[in-house]
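Fold and geometry: a report
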Amino acid sequence: MSDDESASSASVAEVEKEEEEITDLSNSDVCTKYQEASKIVNLALTGLIDQCVVGAKVIDLCKFGTTVIEAQAAKLYTKKVNGKAIERGIAFPVCVSVNDIICNHSPLLTEEMEPLKAGDIVKIDLGCHIDGYISVAAHTLVVSDSPDSPPSVDDEMGNVAVAAYNAMLVSAASIKAGTKNSEVTAAVNRVAQAYGVNAISSVRMHQMKRFVIDGVKEVALKDPTADELEAGEEKVDECTFEQAEAYAVDVAMSTGEGKPRPGVLRTTVFKRNVEANYRLKMKNSRYLLSEVDKKFPTLPFTLASFEDERAAKMGVTECVSHGLLTPYPVLHEQKDAKVAHFKCTVLLLPSGTARVTGLDIPEYFKTDKQPDEETQKVLTELAEIAAKKAKKKAAKKKKKKAT
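Presented here is an overview of the structure given in this document. (Residues numbered from 1 in each chain as written. Predicted model: local features only at pLDDT ≥ 70, side-chain atom pairs only at ≥ 80, totals over all residues. Heavy atoms only, no water.)

Description of the packing of aromatic side chains
What counts, and what does not: In summary, the pairing rule links any two rings of Phe, Tyr or Trp, Trp by its six-membered ring, whose centres are within 6.5 Å, and it sorts them by plane angle into stacked for under 30 degrees, edge-to-face for over 60 and tilted for everything else. The helix and strand labels rest on DSSP assignments: H or I over at least four residues marks a helix, E over at least two residues marks a strand, and numbering proceeds from the N terminus. To sort residues, take the accessible area from a 1.4 Å probe on protein chains only and compare it with the maximum for the residue type: under 20% means buried, over 50% means exposed, and anything in between is partly exposed. Counted as over-ring charges are cases with an Arg CZ or a Lys NZ within 6 Å of the ring centre that also lie within 35 degrees of the ring normal.
Tallied over the entire structure, the rule returns 9 aromatic pairs. A centroid spacing of 5.6 Å and a plane angle of 70 degrees characterise the contact between Phe92 and Tyr328, whose relative ring orientation is edge-to-face. Placement of the pair is Phe92 in strand β1 (residues 88–98) and Tyr328 in strand β12 (residues 325–328), with a sequence separation of 236 residues. We note that Phe92, like Tyr328, is buried. Three or more aromatic residues joined by ring pairs form one cluster here, namely Phe270, Phe296, Phe301 and Phe306. Above the plane of the ring of Tyr77 lies Lys33, whose end atom (NZ or CZ) is 5.5 Å from the centre.

Laid out in structure tokens, this is it:
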């Protein structure tokens, strides 16, 4: 066999090996990467909560969260595979959305908002990936007067926060092999009705695959009305969940109408549309797209990531108008509405659905309203499972301490 034939055979073998690579949760290595990304997400979220104090700046919070994720991810999987470094880091930019802002707020250095003040409602949203395997989470808190005392939270805020968190828990438990997405939407609707709040219509849960944060399979928080369909909103196609899949369980609820609207804040979060190509005319647009293709070819990013912020701001319009970038606009509710946002990542494993990200709801969020019977049954079962795990963990810790 000639050298050319040997090289050709080796090349074919490499291609076949790549094609045979298992990239879902049936591969234990993949499962480990999801778990490691999840640990980093929870760590970053915990750190950010501690940083949300009176006087804190949103831009500094975003930078802090980004630094934690990048620093922690850089410690893992440092060895090259087939001569290539394993990609890891930010899967969704750190966003800090305050009060009536629902989500996707990651401001530029030149567009800072006023610092946090006592009573502000803060929603934190972020994501990390290891080798393209993504974990995400979101959390809601209220800024306290002092780090030593809980914030003052009115009944309306407590109610919508408990509703959103319980809807996330019930949704996560409902996403299992053989269940349809319409069943999860129905579960969210039951929670919203019981607590007298509205799900944010544009927020959707998504399947996540390697380097894909918003897969084809989706879950709507509520079905669009006839008017919304007429206005152009699309109804989510029915799908069935399967084992070895991963999902972002994303729930946002409001005391208002639940209909997001654009505001004056600049959109800074975008994602490359890998299927679109166009010969851009502006120099700044070409600069931006070139940087995106090098640094963020598949996952969402923020314009704050670019050294030349001015060029990025000027170039993004042409990129969006020709479909090269998909925007994640900053969404608002009506000014007097209160919004809560919680998100977790679930893995559909042989042992059942595992919730691997997301923190407990703050204890100061309380409500007098009760969930419906079906929701209460699920919440009770989840509480019992959590109690058993905590008891087992405590016993293991006590045994270890004794030896």
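Notes on helix α2 (residues 28–51)
So the rule is basically this: Helix span, expected: 1.5 Å multiplied by one less than the number of residues in the helix. Any N or O atom pair separated by 3.5 Å or less is treated as a polar contact, with the protein-specific requirement of one donor-capable and one acceptor-capable atom, and with residues adjacent in sequence counted only for side-chain atom pairs.
Under the 1.5 Å per step criterion, the end-to-end length of α2 is 35 Å for 24 residues, consistent within 8% with the ideal 34 Å. The distance from a side-chain oxygen at the start of α2 to the backbone nitrogen of Asp29 is 2.9 Å, and the residue carrying that oxygen is Asn27.

Some remarks on the sheet that holds β12
How we decide: Whether two strands pair depends on DSSP finding at least two bridges between them.
Here 3 strands make up an open sheet; going across it, the order is β11-β10-β12 and the pairing antiparallel. Each edge of the open sheet carries a strand with a single partner, namely β11 (301–302) and β12. With 4 bridges joining them, strand β10 (residues 269–272) and β12 adopt antiparallel strand pairing. When the sheet's bridge partners are listed, Phe270 is paired in β12 with Pro327.

Remarks on the pattern of salt bridges
Worth spelling out the cut-off: Salt bridges are defined as contacts in which a side-chain nitrogen from Lys or Arg sits within 4 Å of a carboxyl oxygen from Asp or Glu.
In this structure the tally under the stated criterion is 25 salt bridges. Glu21 is the partner of Arg210 in a salt bridge, and the nearest nitrogen-oxygen pair spans 3.5 Å. Here Arg210, found in the loop between β6 (204–208) and β7 (218–220), pairs with Glu21, found in the loop between α1 (3–20) and α2; they are 189 residues apart in sequence, far enough to count as distant. Exposure remark for Arg210: the relative accessible area of 25% places this residue in the partly exposed category. You can call Glu21 partly exposed: its relative accessible area is 41%. Here Asp372 ties to Arg190 by a salt bridge, and the two come within 3.7 Å at their closest N and O atoms. Within this pair, whereas Asp372 is found in the loop between β15 (352–355) and α9 (373–402), its partner Arg190 is found in helix α5 (residues 181–195), the two being separated by 182 residues in sequence. If you follow the salt bridges from partner to partner, you end up with Glu21, Lys33, Asp131 and Arg210 in one network.

Focus on unusual backbone geometry
One non-glycine residue, Asn82, adopts positive backbone phi at about 55 degrees. Among the residues examined, Asn82 registers a relative accessible area of 71% and is labelled exposed. We note that Phe211 has phi near 60 degrees; this positive angle belongs to a residue other than glycine. Relative to the assigned elements, Phe211 resides in the loop between β6 and β7.

Remarks on the side chain of Gln207
Formally: By definition in these notes, contact holds between two residues if any of their heavy atoms fall within 4.5 Å.
Along the chain, Gln207 turns up in strand β6. Contact partners of Gln207, with chain neighbours within four places excluded, come to Val212, Ile213, Asp214, Gly215, Lys217, Glu245, Ala246 and Tyr247.

Quick word on the nonpolar core
Applicable threshold: The set of buried Ala, Val, Leu, Ile, Met, Phe, Trp, Tyr and Cys residues whose side-chain atoms join them within 4.5 Å is what this entry labels a nonpolar core.
By size, the foremost hydrophobic cluster in this structure holds 46 residues, and its most contacted members are Ile175, Met205 and Met253. Contact partners of Met205, with chain neighbours within four places excluded, come to Ser171, Ile175, Val184, Val188, Lys217, Glu218, Val219, Leu221, Ala248, Val249, Asp250 and Val251. Membership of the second largest hydrophobic core comes to 27 residues, among which are Ala44, Leu61, Val68 and Leu359.

Quick word on the sheet that holds strand β9 (residues 261–262)
Spatial ordering of the open sheet is given by β2-β13-β9, a layout of 3 strands whose pairing is antiparallel. Edge positions in the open sheet fall to β2 (101–103) and β9, since each of these has one partner strand only. Across 2 bridges, the pairing between β2 and strand β13 (residues 331–332) is antiparallel. By the bridge assignment, Cys103 is partnered in β13 with Leu331.

A closer look at the side chain of Asn104
Tracing the backbone shows Asn104 in the loop between β2 and β3 (121–130). You can call Asn104 buried: its relative accessible area is 9%. Engagement of the side chain of Asn104 in a polar contact is seen with the backbone oxygen of Pro329, the distance being 3.0 Å. Excluding residues that lie within four positions of it along the chain, Asn104 makes contacts with Phe92, Cys95, Ser97, Val269, Tyr328, Pro329 and Val330.

Regarding the environment of Val264
With respect to the helices and strands, Val264 occurs in the loop between β9 and β10. Once the C-alpha coordinates of Val264 and Val330 are considered, the two residues, 66 residues apart in sequence, prove to be 8.8 Å apart.

Overview of the packing of helix α4 (residues 155–174) against α5
Quick note on the threshold: Angular values range over 0 to 180 degrees, each being the angle between N-to-C directions of two axes fitted as lines to C-alpha atoms, with helices fitted over their stretch in contact. Should an angle fall under 35 degrees it is called roughly parallel, over 145 degrees roughly antiparallel, and 65 to 115 degrees roughly perpendicular, with every other angle called oblique. Take the far helix as your reference; a near helix turned counterclockwise from it by less than a right angle gives a left-handed crossing, and one turned clockwise gives a right-handed crossing. Classification used: nonpolar for Ala, Val, Leu, Ile, Met, Phe, Trp, Tyr, Cys and Pro, charged for Asp, Glu, Lys and Arg, polar for all others including Gly.
The contact between α4 and α5 brings their axes to 9 Å, and the two run at 160 degrees. The angle between the axes of α4 and α5 places the two elements in the roughly antiparallel class. Classified by chirality, the crossing of α5 by α4 is right-handed. Contacts from Asn159, Val162, Ala163, Asn166, Ala167, Val170, Ser171 and Ser174 of α4 reach α5 at Val184, Ala187, Val188, Val191 and Tyr195. When its residues are assigned to classes, the contact of α4 with α5 shows 9 nonpolar, 4 polar and no charged.

Without other data, these values stay purely geometric and don't point to any function.
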